[in-house]
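# Chain and residue survey
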Amino acid sequence: MKIKLKEIKDFDIEIIVLKDFKDCNKKEKDLLKNSGFSAKEGEVLHMGSTLYVGSSKLKGEDLKIAFSNAIKAVSKTKYTNIKISLVNNEKELDIKNIIEGLLLGSYTFNKYKSKKEEKSLNIFIDDKNTKYKKIDLQKVINETIAICDSVNLVRDIVNTTPEDFTPLTMAQKAKEISFENALECKVFGEDYLKENGMNAMLAVGRASRHESQLIHLTYKPKNPKGKIVLVGKGLTYDCGGLSLKSGEGMVSMKCDKSGASAVLGIMNSLNAISCEYEVHGILGAVENMIGGDAYKPDDVLVAKNGKTIEVRNTDAEGRLVLADCLCYAQDEIKDIDYIFDLATLTGACIIALGEYTTGVMGHNKKLKNKIDKAAEKSGELVGFLPYNRYLPSMIKSSIADIVNSVSSKAGGAITASLFLDNFIKDENKDKWLHFDIAGAAYREKVWGYNPYGASGAGVRLILEFIKNQK
Ligand code: BES
Ligand code: ZN
Ligand code: ZN
């Protein structure tokens, strides 16, 4: 669905979100009640030229979900010109959350449908009574639209099939985004990985017919306040390798590029948020396949920093790619303020936190608190998984420095994170956080304003964090 926010004189339908009937006159209240509408979340009633939508609260996530429900209901009608002016007679319209609900809730993915129903809606938001000052209003609107566009771009990328989105496609997309945003973009193939001792990443992609790509984008404002590095797992497909996934476990593994895709989405929004930090996006784009040339359980790999890794499960491939990408980042970029990696790294993270929630791990409590605040503000869900002194011994190897997979599944998200910790330099330990987005990035169902498939997890969260760095 295409949505255009613009001024319209004659509208077909007006959306009114209600929490209760407090602000309705008696006639309206009776009419709504007699029609079976009780203003509860998820309820939608179309009456004449008004679409009433129920919501438990008139702010934050509830408001986004209400407008997401509203726009889905409107898309099923013949109407195309929509007006939004009232929310329960609230004095101030929360335009940011309304736009997020509309733009994120109306996303559809039709690329593979033979009949594409591409509906276009014109929406007029009457901004006479907003909570924003006039000077801030346009900025808020533009920023929100840009961020939602990036989230939807990430959804498109992740939903695209592994045949249509290979490591090389990822590199092309990165170049396209760099060109549009005036970013620097460097792309390296397997020769570079060989020359630079990135053998862990190289091994994962060896059985694929698609060459692995290391992609480095840079956003450089004038007089940057500091440096932020974002590293993304970009497995364009993960069949598990020789430690082959089950048929069921393999379905949806096109989502394994969600970390790298989120990094692309973030890089695509930095101009829009007038980011004052230098930001580096580093993507490891690789396909994990089987074949005579596949890397094997029992292999020992030497990573870029010289650490040796005993492969015990080729399905624990993401951490191998990230290990070398994290080394590359810290070798190439000095004086880092924050280094975050985003990855659909473990099924164990979904077991630990449930679907929808990103697992955040790292050494620095203060930094985790900042992320908690950014999560609350952005609407993304995070949970923090703790390290302890006993867990690191679980990834010790008898024949190499560390193993890539532990036989015990207990705390699998944490042991994966502790594996990555081996590739973080001492000076960056407190600057690093690992985001396991396995549960939030891709669900085969609709949740709130998130569609079936890719959600674009990580984009709003990290952009909110960056915006809050003064
Ligand atoms: N890409 C998967 C993790 C995943 C699972 C992402 C479900 C999204 C949804 C990852 O590469 C993987 O297979 N991890 C293994 C690790 C294990 C072998 C130690 C897992 O989670 O089972
Ligand atoms: Zn895997
Ligand atoms: Zn994977």
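In the block above lies the structure referred to throughout.
Residues numbered from 1 in each chain as written. Chains lettered and ligands numbered in written order. Predicted model: local features only at pLDDT ≥ 70, side-chain atom pairs only at ≥ 80, totals over all residues. Heavy atoms only, no water.

## Remarks on the coordination of the zinc ion (ligand 2)
Those protein atoms acting as donors to the zinc ion (ligand 2) are Asp 238 (OD), Asp 315 (O), Asp 315 (OD) and Glu 317 (OE), and they sit at 2.0 to 2.2 Å. Of note is the zinc ion (ligand 2), whose 6 donor atoms meet at the metal with angles of 71 to 167 degrees in an arrangement that counts as irregular. Sequence spacing of the donors to the zinc ion (ligand 2): D-x76-D-x1-E. Separating the zinc ion (ligand 2) from the zinc ion (ligand 3) is a gap of 3.2 Å, bridged by Asp 238, which donates to each. With relative accessibility at 0%, the residue Glu 317 sits in the buried group. (Donors = N, O, S within 2.8 Å, 3.2 Å for Na, K, Ca; no water. Tetrahedral: all angles 85-135°; square planar, octahedral: opposite > 155°, others 65-115°. Buried < 20%, exposed > 50% of the residue type's maximum accessible area, 1.4 Å probe, protein only.)

## Here we look at the site of ligand 1
What surrounds ligand 1 is a group of 16 residues, the closest being Lys 245, Asp 256, Asp 315, Glu 317 and Gly 347. A distance of 3.2 Å is found between an oxygen atom of ligand 1 and a side-chain nitrogen or oxygen belonging to Lys 233. Note that an oxygen atom of ligand 1 is positioned 2.8 Å from one of the side-chain N or O atoms of Lys 245. Against a free-state accessible area of 520 Å², the protein chains account for coverage of 79% of ligand 1. Taken together, the elements giving at least two residues each to the shell around ligand 1 come down to strand S9 (227-238) and helix H11 (347-353). Considered class by class, the residues forming the shell around ligand 1 number 4 nonpolar, 5 polar and 7 charged. (Near = heavy atom within 4 Å. Polar contact = N/O pair within 3.5 Å; in protein donor to acceptor, adjacent residues only side chain to side chain. Areas by Shrake-Rupley, 256 points an atom, 1.4 Å probe, with all protein chains shown as cover. Helix = DSSP H or I, 4+ residues; strand = E, 2+ residues; numbered from the N terminus. Nonpolar A, V, L, I, M, F, W, Y, C, P; charged D, E, K, R; others polar.)

## Observations concerning the state of the cysteines
Covalent bonding between the sulfur atoms of two cysteines is what defines a disulfide. The final tally for this structure, using the stated rule, is 0 disulfides. The thiol of Cys 255 is unpaired, and the distance to the nearest cysteine sulfur, on Cys 349, comes to 13 Å. (Disulfide = S-S within 2.5 Å.)

## Digging into the nonpolar core
Core analysis: the largest hydrophobic core is formed by 87 residues, its most contacted members being Ile 15, Leu 270, Phe 340 and Phe 435. In terms of residue count, helix H4 (residues 134-159) provides more of this core than any other element does, 9 residues in total. For this core, the domains that each give at least three residues are domain 1 (2-132) and domain 2 (149-467). Not counting residues within four places of it along the chain, the set of residues in contact with Phe 340 comprises Val 229, Leu 230, Val 231, Leu 367, Ile 371, Lys 431, Leu 433, Phe 435, Ile 462 and Phe 465. If you look at the next biggest cluster of nonpolar residues, it comprises 52 residues, including Tyr 192, Val 286, Ile 309 and Val 321. (Core = buried A, V, L, I, M, F, W, Y, C linked by side-chain atoms within 4.5 Å. Domains from an automatic or database assignment. Contact = heavy atoms within 4.5 Å.)

## Observations concerning the packing of helix H12 (residues 365-378) against helix H14 (residues 459-468)
Two numbers describe how H12 lies on H14: the axes approach to 8 Å, and their chain directions differ by 115 degrees. For the pair H12 and H14, the crossing hand works out as right-handed. Within the contact between the two elements, H12 uses Leu 367, Lys 370, Ile 371, Ala 374, Ala 375, Lys 377 and Ser 378 and H14 uses Arg 460, Leu 461, Glu 464, Phe 465 and Asn 468. (Axes fitted to C-alpha atoms, helices over the stretch in contact; angles between N-to-C directions. Left-handed = near helix turned anticlockwise from the far one by under 90°.)

## Notes on the coordination of the zinc ion (ligand 3)
Only Lys 233 (NZ), Asp 238 (OD), Asp 256 (OD) and Glu 317 (OE) from the protein reach the zinc ion (ligand 3) as donors, at distances of 1.9 to 2.4 Å. Coordination at the zinc ion (ligand 3) is octahedral, judged from the 6 donor atoms that bind it and the angles of 76 to 173 degrees they form at the metal. If you list the donors of the zinc ion (ligand 3) from N- to C-terminus, the spacing comes out as K-x4-D-x17-D-x60-E. Of the residues examined, Lys 233 reaches a relative accessible area of 2% and is grouped as buried. We classify Asp 256 as buried; its relative accessible area is 2%.

## Observations regarding the packing of helix H5 (residues 167-181) against helix H9 (residues 258-267)
Where H5 meets H9, the closest approach of the two axes is 10 Å, and the angle between their N-to-C directions is 10 degrees. Taken together, the axes of H5 and H9 are roughly parallel relative to one another. Contact with H5, carried on its side by Met 170, Lys 173, Ala 174, Ile 177 and Asn 181, involves Ala 260, Ser 261, Leu 264 and Met 267 of H9 and no other residues of that element. In terms of residue class, the contact of H5 with H9 is built from 6 nonpolar, 2 polar and 1 charged. (Parallel < 35°, antiparallel > 145°, perpendicular 65-115°, else oblique.)

## Concerning the packing of aromatic side chains
Scanning the entire structure with this criterion turns up 12 aromatic pairs. When the ring of Tyr 192 is compared with that of Tyr 328, the centres are 6.3 Å apart and the planes differ by 75 degrees; the resulting orientation is edge-to-face. Taken together, the residues Tyr 192 in helix H6 (residues 190-195) and Tyr 328 in helix H10 (residues 318-332) connect sequence positions 136 residues apart. Here the aromatic rings of Phe 419 and Phe 423 are separated by 5.4 Å at their centres, their planes lie at 45 degrees, and the arrangement is tilted. Judged by its relative accessible area of 2%, Phe 423 is buried. An aromatic cluster is present here, built from Tyr 338, Phe 340, Phe 435 and Phe 465 joined pairwise through their rings. (Phe/Tyr/Trp six-rings, centres within 6.5 Å; stacked < 30°, edge-to-face > 60°.)

By themselves, these figures tell us nothing about what the structure is for.
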